Amino acid sequence: MKHILLSLACVLALTGAAQAQCFADYKAKKDGPLRLHYGVAQISGTCSASAAQQELAPRLSTKGWTLLQVQSVFGPEGLDQRKASAGKFYLRF
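Residues numbered from 1 in each chain as written. Predicted model: local features only at pLDDT ≥ 70, side-chain atom pairs only at ≥ 80, totals over all residues. Heavy atoms only, no water.

Draft legend 1. Geometry of the pattern of salt bridges. Going through the model one piece at a time under the given rule, you end up with 3 salt bridges. For Asp 25, the salt bridge is made with Arg 82, and the minimal N-O distance between the two is 3.2 Å. Of the two residues, Asp 25 is situated in strand S1 (residues 22-30) and Arg 82 in helix H3 (residues 79-86); the sequence distance between them amounts to 57 residues. Ionic pairing is found between Lys 29 and Asp 31, a salt bridge with its closest N-O pair at 3.6 Å. (Salt bridge = Lys/Arg side-chain N within 4 Å of Asp/Glu carboxyl O. Helix = DSSP H or I, 4+ residues; strand = E, 2+ residues; numbered from the N terminus.)

Okay, here's the thing in structure tokens:
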């Protein structure tokens with residue numbers, strides 16, 4: 001019984017971690033004429049820079065933007081400090 005409860009606790013802990021909110025801040029460009037932007041986006045997959053890059057690149061390209069760099073990934077606690085810098089690109093993509 002003790003092993004079953006321990007296993008259940010581990011599964012619940014992993015499920016909670018997988019559902020944690022993840023965000024990335026990034027830089028993107030659009031050519032003709034050259035335009036640059038800094039933005040913040042929510043990431044639905046694994047909370048890592050490489051996963052954010054794989055998720056953001058196609059999302060941005062549908063609107064003509066090219067992802068240049070994922071700056072960082074963070075949780076909801078980092079949103080407020082980035083909101084002003086991202087401006088209209090805050091949670092847009």
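Read on, since the account is not over.
Draft legend 2. Local environment of the side chain of Arg 82. Residue Arg 82 is classed as buried on the basis of its relative accessible area of 14%. A distance of 3.2 Å separates the side chain of Arg 82 from the side chain of Asp 25, its partner in a polar contact. Only 2.8 Å separates the side chain of Arg 82 from the backbone oxygen of Gly 78, close enough to count as a polar contact. (Buried < 20%, exposed > 50% of the residue type's maximum accessible area, 1.4 Å probe, protein only. Polar contact = N/O pair within 3.5 Å; in protein donor to acceptor, adjacent residues only side chain to side chain.)

Draft legend 3. Summary view of the state of the cysteines. The full count for this structure, using the stated rule, is 1 disulfide. The partner cysteine of Cys 22 in its disulfide is Cys 47, sulfur to sulfur 2.1 Å. Because the torsion about its S-S bond is 80°, the bridge between Cys 22 and Cys 47 counts as right-handed. You can see Cys 22 sitting in strand S1 and its partner Cys 47 sitting in the loop between strand S2 (35-43) and helix H2 (49-61), a full 25 residues away along the chain. Look at Cys 22 and you get buried, because its relative accessible area is 1%. (Disulfide = S-S within 2.5 Å.)

Draft legend 4. Seen up close, the sheet that holds S1. With antiparallel pairing, 3 strands are arranged side by side in an open sheet as S2-S1-S3. The open sheet terminates on both sides in strands that have one partner only, identified here as S2 and strand S3 (66-74). Within this sheet the neighbouring strands show an average axis-to-axis angle of 20°, counted without direction. Direction of pairing for S1 relative to S2: antiparallel, over a ladder of 9 bridges. (Pairing = 2+ DSSP bridges. Axes fitted to C-alpha atoms, helices over the stretch in contact; angles between N-to-C directions.)

Draft legend 5. View of the packing of aromatic side chains. Enumeration according to the criterion identifies 3 aromatic pairs in this entry. Their ring planes at 25° and their centres at 6.2 Å tell us that Phe 23 and Phe 74 sit as a pair that is stacked. Within this pair, whereas Phe 23 is found in strand S1, its partner Phe 74 is found in strand S3, the two being separated by 51 residues in sequence. On the basis of relative accessibility, which here comes to 3%, the residue Phe 23 falls in the buried class. Geometrically, the ring pair formed by Trp 65 and Phe 89 is edge-to-face, given 5.6 Å between the ring centres and 80° between the ring planes. In this pair, Trp 65 is assigned in the loop between H2 and S3 and Phe 89 in the segment after H3, connecting sequence segments 24 residues apart. There is no split in this pair, since Trp 65 and Phe 89 are both buried. An aromatic cluster is present here, built from Trp 65, Phe 89 and Phe 93 joined pairwise through their rings. The ring of Phe 74 is capped by Arg 82, whose NZ or CZ atom sits 3.7 Å from the centre of that ring. (Phe/Tyr/Trp six-rings, centres within 6.5 Å; stacked < 30°, edge-to-face > 60°. Lys NZ or Arg CZ within 6 Å of the ring centre and 35° of its normal.)

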